[in-house]
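Chain by chain, the residues:
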Amino acid sequence: MSRVAYVNGRYLPHGGAMVHIEDRGYQFSDGVYEVCEVRGGRLVDERRHVARLERSLTELRIRLPMSIAALGVVLRETIARNRVRDGIVYLQVTRGVARRDHAFPSSDVVPAIVVTARSLDIAGNERTAEEGIAAITVPENRWDRVDIKAVALLPNVLAKQAARERGAKEAWFVDRDGFVTEGSSTNAWIVVGNTVVTRPADRGILRGITRTVLVDAIAAEGLTLDERPFTVAEALAALEAFSTAASLLVMPIVRIDDQPIGNGAPGLVASALRRHFHRFAEFS
Ligand code: PDD
């Protein structure tokens with residue numbers, strides 16, 4: 001089936017969908033993005049993703065080139081035109097097209113928007129979650145505004161590639177003090193006793209939407225949440241470890257730097273949180 005992309009007001013065949021060579025996203029990574037899960041043809045946590053998009057845009061002083069209501073229509077139309085029932089919708093807004101100059105272009109330059117959607121192999125993801133994935137650790141080398149969901153992801157790209165080359169699926173960044181910040185495209189968690197530990201979202205990480213929803217799920221499971229930084233040594237000694245993201249949900253981490261976590265298999269907490277996650281998400 002042919003895929004369709006929304007590009008600046010038009011739905012185009014995916015293969016031929018283009019942006020201008022002087023799009024500031026292309027030249028400067030001057031833009032932001034969101035990835036939202038689609039389940040049963042519906043958007044998962046659209047409200048929270050749109051709120052985070054607005055925050056990212058505000059922080060970078062880029063304006064959304066359409067109303068929130070219109071954006072909702074475009075997201076749904078892109079999902080429908082690509083016949084996605086279970087998958088993700090990707091949305092990117094850049095500062096627009098202008099002659100290359102580092103400072104902002106004049107205010108009449110219209111920000112550029114692209115939306116794509118694709119199906120995910122849900123059964124395959126479940127099988128992966130039943131086995132768990134391996135992670136490596138890499139030194140944190142990103143800028144200090146990782147709370148903004150910017151398309152500038154070069155350290156994340158290199159970290160993920162390093163993971164792949166070492167037979168792992170995720171890389172956890174570790175700051176100078178030895179504390180885990182987050183994964184290259186996920187938030188990082190460990191389970192210690194009855195307590196689920198994750199870094200506070202004020203600095204040093206992206207405030208994941210999956211993370212936010214999971215806070216409710218943790219309370220409902222009768223678990224304690226401790227929002228504090230944790231070290232790699234603590235993670236290696238933990239009962240369980242897992243990563244979260246809209247595209248992966250709750251993904252058990254069963255090895256870190258080639259050392260097994262717990263008994264080396266997905267733990268009860270991560271598995272339960274994964275199973276119950278959608279009870280706490282918003283569908284629209
Ligand atoms: N990644 N941290 C980073 C660095 C991320 O890139 C992501 C999401 C998350 C989790 O956020 P959320 O729960 O809102 O998906 C945390 C997306 C999925 C991506 O880049 O593909």
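Everything numeric in this text was worked out from a predicted model, so none of it was measured.

A look at the sheet that holds strand β2 (residues 10-13)
And then number 1: Pairing in this open sheet of six strands is antiparallel, and the strands run β2-β1-β6-β5-β3-β4 from one edge to the other. The strands lining the two open edges of the sheet, one partner per strand, are β2 and β4 (42-43).
And then number 2: Bridge analysis of strand β1 (residues 4-7) against β2 gives four bridges, and the strand direction is antiparallel. Each residue of the ladder has a partner; that of A5, found in β2, is L12.
And then number 3: Along the sheet, helix α2 (residues 46-60) makes contact with β3 (31-39), β4 and β5 (87-94), crossing β3 at roughly 175 degrees.

Quick look at the site of the ligand
And then number 1: As a structural note, the neighbourhood of the ligand is formed by 21 residues, with Y33, E182, I209, T210 and A246 the closest of them.
And then number 2: The protein chains hide 90% of the 470 Å² of surface that the ligand would expose on its own.
And then number 3: Mapped onto the shell around the ligand, the elements with two or more residues apiece are β3, α2, β9 (180-183), α6 (209-220) and β13 (240-245).
And then number 4: Of the residues in the shell around the ligand, the class split is six nonpolar, 11 polar and four charged.
And then number 5: Formed jointly, the shell around the ligand draws a minimum of three residues from each of two domains, domain 1 (4-120) and domain 2 (125-279).

Section: the pairing of strand β14 (residues 249-256)
Regular strands show a simple pattern: their side chains alternate between the two faces of the sheet.
And then number 1: Within β14, seven of the eight residues are buried, leaving the element largely enclosed by the surrounding structure.
And then number 2: Bridge count for strand β7 (residues 133-139) against β14 is three bridges, and the pairing is parallel. Residue pairing across strands places A135 opposite I256, the latter belonging to β14.
And then number 3: For β13 and β14, the ladder comprises five bridges, and the chain directions are antiparallel. Opposite F242, over in β14, you have P252 as the bridge partner.
And then number 4: Hairpin connection from β13 to β14: three residues lie between these consecutive antiparallel strands.
And then number 5: Pairing of β14 with strand β15 (residues 259-260) involves two bridges; the strand directions are antiparallel. From the neighbouring strand, I256 faces β15, where its bridge partner is Q259.

Quick word on the packing of α2 against helix α3 (residues 68-81)
Axis angle and axis distance: for two packed helices, these are the angle between their axes and the distance between the axes, and together they describe the pair.
And then number 1: Here α2 crosses α3 at 120 degrees, and the two axes come no closer than 12 Å. Classified by the angle between their axes, α2 and α3 sit oblique to one another. As for how α2 packs across α3, the hand of that crossing is right-handed. Along its contact with α2, which presents E46, V50, L53 and E54, the element α3 presents I68, L71, G72, L75 and R76.
And then number 2: Among the residues forming the contact of α2 with α3, the class breakdown is five nonpolar, one polar and three charged.

With respect to the pattern of salt bridges
Two side chains with opposite charge may pair up if their charged atoms get near one another.
And then number 1: According to the stated counting rule, one finds 20 salt bridges in the structure shown.
And then number 2: With a closest N to O distance of 2.9 Å, E234 and R228 form a salt bridge.
And then number 3: Classification of E234 as partly exposed rests on a relative accessible area of 26%.
And then number 4: Of the residues examined, R228 reaches a relative accessible area of 25% and is grouped as partly exposed.
And then number 5: Taken together, the shared-partner salt bridges connect R55, E59, R145 and D147 into one network.

A word on unusual backbone geometry
And then number 1: For D45, which is not glycine, the phi dihedral falls at a positive 60 degrees.
And then number 2: Position of D45 relative to the elements: it lies in the loop between β4 and α2.
And then number 3: One non-glycine residue, D257, adopts positive backbone phi at about 50 degrees.
And then number 4: Here D257 lies in the loop between β14 and β15.
And then number 5: Its relative accessible area of 24% is what places D257 among the partly exposed residues.

The rules behind these values
- Residues numbered from 1 in each chain as written.
- Predicted model: local features only at pLDDT ≥ 70, side-chain atom pairs only at ≥ 80, totals over all residues.
- Heavy atoms only, no water.
- Pairing = 2+ DSSP bridges.
- Helix = DSSP H or I, 4+ residues; strand = E, 2+ residues; numbered from the N terminus.
- Contact = heavy atoms within 4.5 Å.
- Axes fitted to C-alpha atoms, helices over the stretch in contact; angles between N-to-C directions.
- Near = heavy atom within 4 Å.
- Areas by Shrake-Rupley, 256 points an atom, 1.4 Å probe, with all protein chains shown as cover.
- Nonpolar A, V, L, I, M, F, W, Y, C, P; charged D, E, K, R; others polar.
- Domains from an automatic or database assignment.
- Buried < 20%, exposed > 50% of the residue type's maximum accessible area, 1.4 Å probe, protein only.
- Parallel < 35°, antiparallel > 145°, perpendicular 65-115°, else oblique.
- Left-handed = near helix turned anticlockwise from the far one by under 90°.
- Salt bridge = Lys/Arg side-chain N within 4 Å of Asp/Glu carboxyl O.

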